[in-house]
Amino acid sequence: MATIGLGGPVGFSFATTGFCSAILVARVWEYVSLEAYLRCGLSCPIRSSELLQLHHFYYGLALLSVATNILAVTKRQRVRWDAALIIGIGAGLCVDEAGLLLLRVPYNDLFSILLLALFGVAVFGGTANAAFRDGTREFRILDRADILTVLSILLGMAGVLYLDRPLITIVEIAGGASWAFAFVLVTLFGRKHFLRVWTGPG
């Protein structure tokens, strides 16, 4: 089952991790933006880039499109795992704003939160089902390079908080530190992981 779907239990667990992490970052971004603008009022600076004003729903769609195309053409196990992580991130970004953009309900409305919970339960259920169906032996294939590369990707995603304007000092520090740690991890462990992804047997 590792060569179809999300790549087995590891792929589902990566998708779950990406989904939850994306929602966390998106919610923190929105909360920080609101708090910052409440503090500075009319004196708030305008974001320098229109790209930063796009709804993260559309970034999620782009990630889903890329990762789905990768899944459609590859049978390599680790490639499918990485694509599953990206699918989880993309799905999290899309579902987080689905209520706002598709159903026209407020971002923090109870229905929007319920939608997140339902999708979260479905993703967790898929992970549990894959683990019971295929067993957990697949997790033994993972090593430190795989796990820390995934962590570097998630930290890199968290680092986008640094781009929010106006900045709150603690968020600026957290975003910059996330990017710094992501760079260190991908430099130390990413090379081994990605070489194995593209040239290894699985």
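Residues numbered from 1 in each chain as written. Predicted model: local features only at pLDDT ≥ 70, side-chain atom pairs only at ≥ 80, totals over all residues. Heavy atoms only, no water.

J.: Tell me about the environment of P9, and name the residues and values.
T.: With respect to the helices and strands, P9 occurs in helix α1 (residues 8–40). With a relative accessible area of 1%, P9 lands in the buried category. Distance in space between the C-alpha atoms of P9 and D134 is 7.1 Å, their sequence separation being 125 residues. Beyond its immediate chain neighbours, meaning those up to four positions away, P9 contacts T127, A130, A131, D134, G135, E138 and F139. (Helix = DSSP H or I, 4+ residues; strand = E, 2+ residues; numbered from the N terminus. Buried < 20%, exposed > 50% of the residue type's maximum accessible area, 1.4 Å probe, protein only. Contact = heavy atoms within 4.5 Å.)

J.: Let's hear about unusual backbone geometry: which residues, and what values?
T.: A positive phi angle, near 60°, is found at R104, a position not held by glycine. Following the sequence through the fold, R104 ends up in the loop between α3 (77–101) and α4 (110–134). For R104, a relative accessible area of 67% gives the class exposed.

J.: Describe the packing of α3 against helix α5 (residues 144–158), and please don't skip the residues or the numbers.
T.: Where α3 contacts α5, the two axes come as close as 12 Å, and the packing angle between them is 25°. One element, α3, and the other, α5, form an angle in the roughly parallel class. For the element pair α3 and α5, the recorded crossing hand is right-handed. Residue-level contacts link R78, L85 and I89 of α3 to D146, V150, I153, L154 and M157 of α5. (Axes fitted to C-alpha atoms, helices over the stretch in contact; angles between N-to-C directions. Parallel < 35°, antiparallel > 145°, perpendicular 65-115°, else oblique. Left-handed = near helix turned anticlockwise from the far one by under 90°.)

J.: Got a sec to walk through the packing of aromatic side chains? Specific residues and values, please.
T.: Applying the stated criterion across every chain, the model contains two aromatic pairs. Ring centres of F14 and W81 lie 6.4 Å apart, and the angle between their planes is 65°; this geometry places the pair in the edge-to-face category. You can see F14 sitting in helix α1 and its partner W81 sitting in helix α3, a full 67 residues away along the chain. Both residues of the pair, F14 and W81, belong to the buried class. Taking the centre distance of 5.6 Å and the plane angle of 90° together, the rings of F57 and Y58 count as edge-to-face. With a relative accessible area of 10%, F57 lands in the buried category. (Phe/Tyr/Trp six-rings, centres within 6.5 Å; stacked < 30°, edge-to-face > 60°.)

J.: Could you give an account of the pattern of salt bridges, with specific residues and numbers?
T.: Counting across every chain of the model gives six salt bridges. Between R27 and D96 there is a salt bridge, with its nearest N and O atoms 2.7 Å apart. Here D96 lies in helix α3 and R27 lies in helix α1, a separation of 69 residues in the sequence. Judged by relative accessible area, R27 falls into the buried class, the value being 17%. The buried category is assigned to D96, whose relative accessible area is 1%. (Salt bridge = Lys/Arg side-chain N within 4 Å of Asp/Glu carboxyl O.)

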